[in-house]
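Fold and contact review
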Amino acid sequence: MLIADLSLPDVLKTFIEEKRNAKFLYPPQEEAVRRGILNGESVVMVTSTASGKTFLAEVAAISNVLINDRKTIVTVPLKALAYEKLMDFKAYEELGIRITASTGEYDSDDRWLESFDVIITTYEKLDSILRHKPAWLGDVGQLIIDELHYLGDPERGPIIESIISKIKLLGLTPQIIGLSATIGNAEELAGWLGAKLVKTNWRPIPLREGVYLRPFLSFNDGTKIRVREVGDPVTSLAMDSLNGGGQAIVFTSSRSSAVKVAKQLAKAICDSQSRLIDVEAASRTAEEVRRASSSKLLGDELSQLIRCGASFHHAGLELEVRRLIEEAFRQRIIRALASTTTLAAGVNLPARRVIIGDYRRYEAGEGMVDIPVMEYKQMAGRAGRPGLDPYGEAVLIASNDREARRLFDLYVNAEPENVVSRFFVEENLAFNLLSIIASGYASNMNEINDFLSNTLAYSQYRIASNVIQRNALMRRVDDMLKFLIESGFIEESNGEFAATPLGLAVNKTYIDPYTANDYVRGLRELNGKANNLNLLFLAVKSRKIPKLRVKRGEEDKWSDALVRNWSRLPLMPPTLPDYDDDELNPFMEELKTATMMLDWINEVDEDALLKQYDAQPGDLRMYIDQLDWLLGAMSELARILKLRELAGRIGMLRLRVKYGIKADALELALNLEGIGRTRARELYRAGFKSIEDIANSTPAKLQQARGIGPTLANSLIEQAKKLMETGRITRVPRDEEPSGDLSDYL
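Residues numbered from 1 in each chain as written. Predicted model: local features only at pLDDT ≥ 70, side-chain atom pairs only at ≥ 80, totals over all residues. Heavy atoms only, no water.

Here's the deal with the overall build of the protein chain
- From N to C terminus, the protein chain includes 31 helices and 19 strands.
- With respect to the three principal axes, the spread of C-alpha positions in the protein chain is 75 × 70 × 65 Å.
- A total of 746 residues make up the protein chain; the buried ones form 57% of that total.
- Considering only contacts in the protein chain between residues 6 or more positions apart, those separated by 24 or more positions represent 70%.
- Here the protein chain has roughly 31500 Å² of accessible surface; of this, 46% comes from carbon and sulfur atoms. (Helix = DSSP H or I, 4+ residues; strand = E, 2+ residues; numbered from the N terminus. Buried < 20%, exposed > 50% of the residue type's maximum accessible area, 1.4 Å probe, protein only. Contact = heavy atoms within 4.5 Å. Areas by Shrake-Rupley, 256 points an atom, 1.4 Å probe, with all protein chains shown as cover.)

Put into C-alpha cells, the structure is as follows:
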C-alpha cells in the first residue's frame, strides 16, 4: 500500500514522502490501516520493534488534528521517552501543528495546554490532568498509549487503568491506539479497550535469536557459526559483530557490570588491528560528553571510553549525557554500548547484535531470579537497524549444554507473559479511591463500582459474573474506605463520600494516601522542632524515593548516626528497641538518603557525593525532581494542618533542594538565569549578595567572580536592573530558620 493511496490530507502525504522518506507501508502498518486506524477506529498494535507502529501512530495523530480538528494525547511511561517523542513530533510543526510535552507539576490543571494540538505526557501526568478536569479535555479526539505492556507494571499499570476509566466516566470517546512489542494476552487487552487488534511478528529485517556456547553461536533458524575468541564471551561476541561491520549492545543486570563491560570493549576496540572507529569523530564526541557531565569523574571516565568507540549507558547518567551517547551510537561513532535495561524501555536505539550478558538479576527478598520473557523480548527487539543491517541478532550466553538448551526453552522459543492487572493491590486501590472521590468522579458505592467496572482488573477477575470475587473486592474496598476515613482524607454521611480539605490536598499533590498519612503524622510530630535533616528524613519515606543502600562495612557508621538522631527523627518508636541489623536497615537507608540530600543543599561538590554515596548525576537529578514534588506536597499538607511556620520552613527547604545551595546565596540562583549553585556561590564570595548588588555593578567587577565571563556579566546586570524596575524580585530569608509561610517571601 502506497502512502499516496492513503486517505490523508495531501499536505501530510507530501510531508511523509519528502521529509520522512516513506513511500509505502510495511505489512503491519497496512493491516492497521485496513482496521481503520486512520479512520477513527481504536486499534492495538502488538508488533515487533522497527515494524513501523510508532511512525503510523504519528501519522494518525497528525491526521486527527488536520482532518478532525481534535487534540491528540500521547502518553508514555518515562520522562525520557516523552522527550524523545517530543523531538520526533516536532518535525510536524512546519505543517502548523502545535506540539508540546507536559510531565510534571501534578498540582496544576495545565490550562495552557488548551492551545496545543498534540500533547505528550507521562501516564502519571495524564492521570493528574484528569483529576483536574480542564475544559480542553472535551477537545481530545485521540489517545495514544505507548508501551501498553506497562499495564502489568505494579505502579504504572493501575495508572493506565485509571486513565481509561476516568475518560469513560467523563463521557469522552477518543480513538484509542495502544502500542507494544511484547504482550502475551494482546487479544484480552484489545477487548478491554474496545479496540481492533493488529498482532504480527513481521520485521523489516529478519531477527535471529540464539545462544552462545563457546566457541559456537547457535540460532533458532538452525544455523551455527564459530566466533573467534578474543577474551570473555561478551567481548568475543561484540568484536565479532564489529569486525563484520555491525554494532553491538550488551545488556547487563547492574550499572557496575555495564561499566566493567564497557571498559573491556573499549580496550578490545583500541587494541584491534582493524580500524573500527572514526578516531576524530570519537574524540569530538568524547569532549562533548566530558563537558556535558556535571561530574568530572564520570565525564572523564566516559570520555576515555568513547575515544575507543565504546560507552556505558544507565539511569545514573544525566539526560543530556545519555542523549549525546545515544546520538553518537546512531551515527556509528560509538560502536559498542554496555547498558542496563534503560535502553530496552522504548528508546529507539537498535544494533546489529544485542547480547544479553545477564539473564538473571538480584531481587530483594528472592535472591537471583530469571528475568521475564517479556523483558528479554524487549531487549532482543533492539537487534537490527533497518536500512543498515541485513539482519539482527539477539544472543544469550550459556556455560554448558544443559544451560544452552534451557535458554532456548526459557527465552528464545518462549512467548511473552500475559499482562496481569495490579489494580486491586491495597496501595493502588486506596490511591485511586481517594482520587475518584476527591476529583468528583464518585460519591457513593454505585459510582465507585462504575469506576472499578471499567478497569482491566475488573475484567480479568470476572467481577461482574463471579459473586465470590465481587464480594472479596467489596470487602477490600470497604477496608480502603475505612482507612481513608480514619486518616482524615474522606468523610461519609448516609452512604455519600466526600473529600476533606486534607484529602483534597493529597489528591491535588498526587501523593499516595499511605505516604500522605505518614507525612501528616510526621508533620504534627515535628511542629516546633523541625530541622532540615528530620524534614528530609520524613520526605524520603515515600516509596517513590529509592533509598541509598547501606553497604557492607558501613553498618556501624549509619547505626551510630541513627542512634544519635533517634529522638529527633519523625515516626520512630519513643525508645530505642533491641533491634537487630536487618530491622534497623530500613531506618539507616532513610537516614543515609536524607543525609546525602542535606550535603547537597549545603553545597557539597557533586563528585564528593559520587564518592561518598555512589550517587551519580542522573540519580541526583532524580532525587531533586522527586523531592521537589514531595516537599511541595508536604508544605501544602502543613498549610492545611495550619502549621504555618512549618509550611514556610518546608518551602524554603524545597527551594534549597531544587538549587542545591545554602540559604544565603539562594536569592541569586532563584532570580537570575545562567546562575546555578556554583556561580551563585562565587558571586556571593565576591561580594554580590543581592540583586541590587548585581544591578549596581559593572561588567568588569562581576567578571572578578570566577566563572563569570563578559557575556554573562552583561546579561546579569541587564536582568537585575529589569527585576528592580518591575519589582519582581523573589526574596528569601537569609537565616536558616524562616518563619511564616513561604508566600511571605515570594
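Topic: helix α20 (residues 513-526)
- Helix length check: α20, at 14 residues, gives a terminal C-alpha distance of 19 Å against a target of 20 Å (1.5 Å per residue), a fit within 8%.
- Among the residues of α20, P513, T515, A516, N517, Y519, V520, G522, L523 and L526 are the ones counted as buried.
- Next to the buried residues of α20 lie α15 (426-438), α18 (467-486), α19 (501-509), α21 (532-539), α25 (617-640) and α26 (644-659).
- For α20, the N-terminal capping position is held by D512, with its side-chain oxygen 3.0 Å away from the main-chain nitrogen of Y514.
- Note on α20: the residue one or two positions beyond its end, G528, has a positive phi of about 95°. (Expected span 1.5 Å × (residues − 1). Polar contact = N/O pair within 3.5 Å; in protein donor to acceptor, adjacent residues only side chain to side chain.)

Quick look at the nonpolar core
- Formed by 124 residues in total, the largest nonpolar core has its most connected members in I448, L452, L523 and M597.
- Sorting elements by how many residues they give to this core places α25 first, with eleven residues.
- The contact partners of I448, leaving out residues within four places of it in the chain, are L433, I436, I437, A442, V477, L481 and F497.
- Membership of the second largest hydrophobic core comes to 110 residues, among which are L81, A268, A336 and V354. (Core = buried A, V, L, I, M, F, W, Y, C linked by side-chain atoms within 4.5 Å.)

Quick word on the packing of aromatic side chains
- Summed over the entire model, instances satisfying the criterion amount to 15 aromatic pairs.
- Both rings, one in F431 and one in Y510, keep their centres 5.2 Å apart while their planes meet at 85°; by these two values the pair is edge-to-face. Here the residue F431 occupies a position in helix α15, and Y510 occupies one in the loop between α19 and α20, the gap between them amounting to 79 residues. By the burial criterion, F431 is buried, and Y510 matches it.
- Through pairs of rings, three or more aromatic residues link up here, namely Y106, F431, Y510 and W629.
- A cation sits over an aromatic face here: R208 above Y391, 5.2 Å from the ring centre.
- Above the ring of F216, the side-chain terminus of K224 is found at 5.5 Å from the ring centroid. (Phe/Tyr/Trp six-rings, centres within 6.5 Å; stacked < 30°, edge-to-face > 60°. Lys NZ or Arg CZ within 6 Å of the ring centre and 35° of its normal.)

Looking at unusual backbone geometry
- Look at the link from R214 to P215: it is a cis peptide, with omega at 5°.
- In this fold, P215 is placed in the loop between β8 (207-213) and β9 (216-219).
- Located in the positive-phi region is R462, a residue other than glycine, with phi close to 50°.
- Note that R462 resides in the loop between α17 (456-460) and α18.
- According to the relative accessible area criterion, R462 is exposed, its value standing at 57%.
- Its identity is not glycine, yet K642 carries a phi of approximately 65°, on the positive side.
- Among the structural elements, K642 can be located in the loop between α25 and α26.
- We classify K642 as exposed; its relative accessible area is 72%.

Observations regarding the state of the cysteines
- Scanning the model with the defined rule gives one disulfide in all.
- Here C270 is linked by a disulfide to C308, with a sulfur-sulfur distance of 1.8 Å. Handedness here is read from the sign of the S-S torsion; for C270 and C308, about -100°, the answer is left-handed. One end of the pair, C270, is in helix α9 (residues 255-271); the other, C308, is in the loop between α11 (296-306) and β12 (310-313), with 38 residues separating them in the sequence.
- Residue class for C270 comes out partly exposed when judged on its relative accessible area of 42%.
- You can call C308 buried: its relative accessible area is 14%. (Disulfide = S-S within 2.5 Å.)

What about the sheet that holds β12?
- The eight strands lie next to each other as β10-β9-β8-β17-β14-β11-β13-β12, forming an open sheet whose pairing is mixed. The open sheet has two edge strands, β10 (224-226) and β12, and neither has a second partner. Across the sheet, the mean angle from the axis of one strand to that of its neighbour is 20°, orientation sign disregarded.
- Bridge count between β8 and β9: four bridges; the pairing is antiparallel. Its bridge partner lying in β9, L213 is registered against F216. (Pairing = 2+ DSSP bridges. Axes fitted to C-alpha atoms, helices over the stretch in contact; angles between N-to-C directions.)

A closer look at α25
- Here α25 spans 35 Å end to end across 24 residues, near enough to the 34 Å set by a 1.5 Å rise per residue.
- Within α25, 19 of the 24 residues are buried, which leaves it mostly tucked inside the rest of the structure.

Here we look at the packing of α15 against α19
- Between α15 and α19, whose axes approach to 9 Å, the crossing angle comes to 110°. One element, α15, and the other, α19, form an angle in the roughly perpendicular class. Pair α15 / α19 crosses with left-handed handedness. For the pair α15 and α19, the contacting residues are L434, S435 and A438 in the first and G503, L504, V506 and N507 in the second.
- In terms of residue class, the contact of α15 with α19 is made up of four nonpolar, three polar and no charged. (Parallel < 35°, antiparallel > 145°, perpendicular 65-115°, else oblique. Left-handed = near helix turned anticlockwise from the far one by under 90°. Nonpolar A, V, L, I, M, F, W, Y, C, P; charged D, E, K, R; others polar.)

Re the sheet that holds strand β2 (residues 71-76)
- Taken in spatial order, the seven strands make up an open sheet running β3-β4-β2-β5-β6-β1-β7, and their pairing is parallel. Only two strands of the sheet have a single neighbouring strand rather than two, namely β3 (99-102) and β7 (196-200). The sheet shows a mean angle of 15° between the axes of neighbouring strands, direction not considered.
- The sheet contact formed by β2 and strand β5 (residues 140-145) spans five bridges and is parallel. Note that in β5 the partner of T72 across the bridge is Q142.
- Across the sheet, helix α4 (residues 79-89) lies against β2, β3 and β4 (118-122), angled at about 165° from β4, the strand it touches most.

Some thoughts on the environment of A713
- You can see A713 is positioned in helix α31 (residues 710-726).
- Residue A713 is classed as buried on the basis of its relative accessible area of 0%.
- In the structure, A713 is positioned 15 residues away from T698 in sequence and 8.0 Å away in space, judged by C-alpha atoms.
- Residues within four places of A713 in sequence aside, it is in contact with P699, L702, Q703 and I708.

As for the side chain of Q719
- Inspection of the secondary structure puts Q719 in helix α31.
- The class for Q719 is buried, based on a relative accessible area of 17%.
- Setting aside anything within four residues of it in sequence, one finds Q719 in contact with N671, L672 and E673.

Concerning the confidence of the model for the protein chain
- When pLDDT is averaged along the protein chain, the result is 94; 98% of the residues meet or exceed 70.
- Note that pLDDT drops below 50 for residues 737-746; the model gives that stretch 29 contacts with residues more than four away or on any other chain. (pLDDT = per-residue confidence, 0-100.)

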